[in-house]
Amino acid sequence: MVSTISGPRDAGHGDPLQHAWEAIRAGLRRDCGARTFDGWLRPIALGNFDSDTGILRLELPSQFMADWVQTHFSERLSLAWRAAYPLVRQILIGVGAAAPKTAAIVEIPAPAVEDEPAAGKNGVYAVALEPRYRFENFVVGKANEVAYSAARTLATAKDVAFNPLFLHGGTGRGKTHLLHAIGHEFHRLKPRAKIIYMSAEKFMVEFVAALRANETIQFKQQLRSADLLMIDDVQFIAGKESTQEEFFHTMNEIISAGRRLVISSDRAPQDLDGIEPRILSRLSWGLVADINQADLELRLNIILKKLEALPDVQVPEDVVMFLAKRISSNVRELEGALNRIAAYAMMQNRVIDLDFVTEVLASTLRANQRRISIDEIQTRVSDHYRIRKAEMTSARRAREVARPRQVAMYLSKQLTPRSLPEIGRRFGGRDHTTVIHAVKQIEKLRAQDPELDSDIRLLTRQLES
C-alpha cells in the first residue's frame, strides 16, 4: 500500500506521519542551527510512503540539494525517523515535485558600513558553504599543517606569493573543510568580495547548460569576476575536452587579474590522468599542499574536538582511544562513527562503553580492520633504515641496528594487539622487559629528536595505508 503525502504544508496535523515529520524538523532546527536548517533542511518535503516496505521518500527541489542532504544528513534522518515513527524503515532522498522550489544558496548579508557600496559592487557570498566548516574547528596535526597554513594565508593575507593553491589528499581528509573555511574567512575580512565555491562536476554541468542555452558569455562573466574562486574535486573534469578548455581560460583570467584561486583534488597534479598538460602546469604553478592520512594523535584530537560540541555525550577515555586506533581510514568516517554512537546512545538510553561501541559500529570496524603484522613492521623498518631484516632478530647491539630494532618494537606495541612477551619472542626471543625499555626509550627520544619523530610518523602512515 502506497500513501502519498503532498508536503508538510498541505497535510493535516492529524496525520501521524506528518506529526512525526514536524517533530523531526523541530529537532533538526534545534540541533543544526537556523542557517543550516533554512538553507538545506527546510525545503525537504514528504513524498510517497509505502507502508508495506516501510520506504519513505523525501524530496528536494534540485539534485544538488538532494546530493548534499544525502551526504550530510541521511544517517541522522534515518535515525530520527526510526525513533519518531518506527513504521518508516528506510528513507530515499531525491528530487520531487512536492519540494518547494528554493535555491541551494546560503547568503550572509554584509555588515553595515558607513558608506554605501557603489552600484554593482555588493559582495556575493559563496554558494552552499557549510557553516560548520571554519578554521576555528579544523583540527591541525602533522598530516595537514602545511595545507592548513597555506589555506589560512590565502584567506587572510593582503598579498600572497602563490596562486593558485592546490590542495590534494584522499577522501575524508579535510580538503572540502579547508575550502569552505577559506570562503568564510575571506568573506569576514572582505564582506564586499565576490566568492564562488563549486565542485568541478557542477562547473561542468553548468557550463554544458550554458552552451545549450547560448549563455556562455554570462557563465564566463560570473566566474571570471570572482575575487575568490574555489573548485572542489578537479579530477572529475578528466577527459572532458570542452570543459577543460573553459576551465583553463577561467584559471588564466582569475590568476592574471590577481584574484585568488583554490583547487582541490584527490591526488597531486602529476598524478591526474586525462587532464591537459597546460592545466597541470598551471595547477603546479602556485603552491601544492598535500593532506596525509591522519595519524593516531590527530585522530585523538579530532575526537576530543568533536566531543566539545557534544557536551551531553559522555565517552570514556578507553572508548576514545579505541575509536582513534580502530577507525583510521579517514576523518569523515571517524566523525560519522562518533555521531552514530551518540545518536544510538540517546535513543536507546545506553551507557557508552566498549561493548556498546563494538555493537553499534560492527560493520564500520570490520571495514577498517587492517591487520598489521610484526613481520610487516620489521620489513618496513628494515627497508627504511637500510639494514638487513635479519638484524631485527640478531644479537647485535651496534647503534645502527639497535635503534631501528627499538623503533620496530615500539611500532609493534602501538599498531598490533600482540602482547609484550609475544613481541619479544618475535625479536629474537627477547624478554618482555626489553620491549618495555624499547618503547619507553623511543617515546623519550621522539620528544627530543624531530628526525626520529618524523621517521615514526612516516612509517606509521605507510603501515596504516
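Here, the structure is the one placed above.
Thresholds, definitions, all that
Residues numbered from 1 in each chain as written. Predicted model: local features only at pLDDT ≥ 70, side-chain atom pairs only at ≥ 80, totals over all residues. Heavy atoms only, no water. Helix = DSSP H or I, 4+ residues; strand = E, 2+ residues; numbered from the N terminus. Buried < 20%, exposed > 50% of the residue type's maximum accessible area, 1.4 Å probe, protein only. Contact = heavy atoms within 4.5 Å. Areas by Shrake-Rupley, 256 points an atom, 1.4 Å probe, with all protein chains shown as cover. Phe/Tyr/Trp six-rings, centres within 6.5 Å; stacked < 30°, edge-to-face > 60°. Core = buried A, V, L, I, M, F, W, Y, C linked by side-chain atoms within 4.5 Å. Axes fitted to C-alpha atoms, helices over the stretch in contact; angles between N-to-C directions. Left-handed = near helix turned anticlockwise from the far one by under 90°. Nonpolar A, V, L, I, M, F, W, Y, C, P; charged D, E, K, R; others polar. Expected span 1.5 Å × (residues − 1).

Tallying secondary structure elements over the protein chain gives 19 helices and nine strands in all. Buried residues in the protein chain amount to 48% of all 465 residues. Considering only intrachain contacts with a sequence separation of at least 6, the fraction spanning at least 24 residues in the protein chain is 73%. Just so you have it, the protein chain exposes about 23400 Å², and 50% of that area is on carbon and sulfur atoms.

Once that is clear, we can look at the packing of aromatic side chains. Given two aromatic rings, one states the distance between the centres and the angle between the planes to describe the pair. Within the structure shown, the criterion is met by seven aromatic pairs. Seen in terms of ring centroids, Trp21 and Trp81 are 5.9 Å apart; in terms of plane orientation they differ by 10°. Their pairing is stacked. Taken together, the positions of Trp21 in helix α1 (residues 16-32) and Trp81 in helix α3 (residues 63-84) put the pair 60 residues apart, joining distant regions of the chain. As far as the burial class goes, Trp21 and Trp81 line up, both buried.

Side chains of nonpolar character tend, in soluble globular proteins, to be buried together. Ranked by internal contacts, the top residues of the largest apolar core, which has 29 residues, are Ile303, Leu323, Ile352, Val357 and Leu361. Taken together, the elements giving at least two residues each to this core come down to α10 (296-308), α11 (317-326), α12 (331-348) and α13 (354-360). The element that contributes the greatest number of residues to this core is α12, accounting for seven residues. Among all residues touching Ile303, those that are not within four sequence positions of it are Val320, Leu323, Ala324, Leu334 and Leu338.

A separate point is the packing of helix α18 (residues 432-448) against helix α19 (residues 450-464). Closest axis-to-axis distance for the α18/α19 pair is 6 Å, and the angle between their directions is 115°. Considering only the axes of α18 and α19, their crossing is left-handed. Within the contact between the two elements, α18 uses Ile442, Leu445, Arg446 and Gln448 and α19 uses Pro450, Leu452, Asp453, Ile456 and Arg457. Residue classes in the contact of α18 with α19 are distributed as five nonpolar, one polar and three charged.

What follows concerns the environment of Gly424. Mapped onto the elements, Gly424 comes out in helix α17 (residues 420-426). Taking the C-alpha atoms as reference points, Gly424 and Val435, eleven residues apart in sequence, are found 6.1 Å from one another. The residues contacting Gly424, other than those within four sequence positions of it, are Gly429, Arg430 and Val435.

Further remarks concern helix α8 (residues 241-256). Here α8 contains 16 residues, and its C-alpha end-to-end distance of 22 Å stays within 8% of the 22 Å for a straight helix at 1.5 Å per residue. Thr243, Gln244, Glu246, Phe247, Phe248, Thr250, Met251, Asn252, Ile254 and Ile255 are the residues of α8 that are buried. For α8, the elements touching its buried residues are α6 (200-212), α7 (216-224), β7 (228-232), β8 (260-265) and α9 (277-285). Downstream of α8 by a residue or two, Gly258 has a phi angle that is positive, lying close to 80°.

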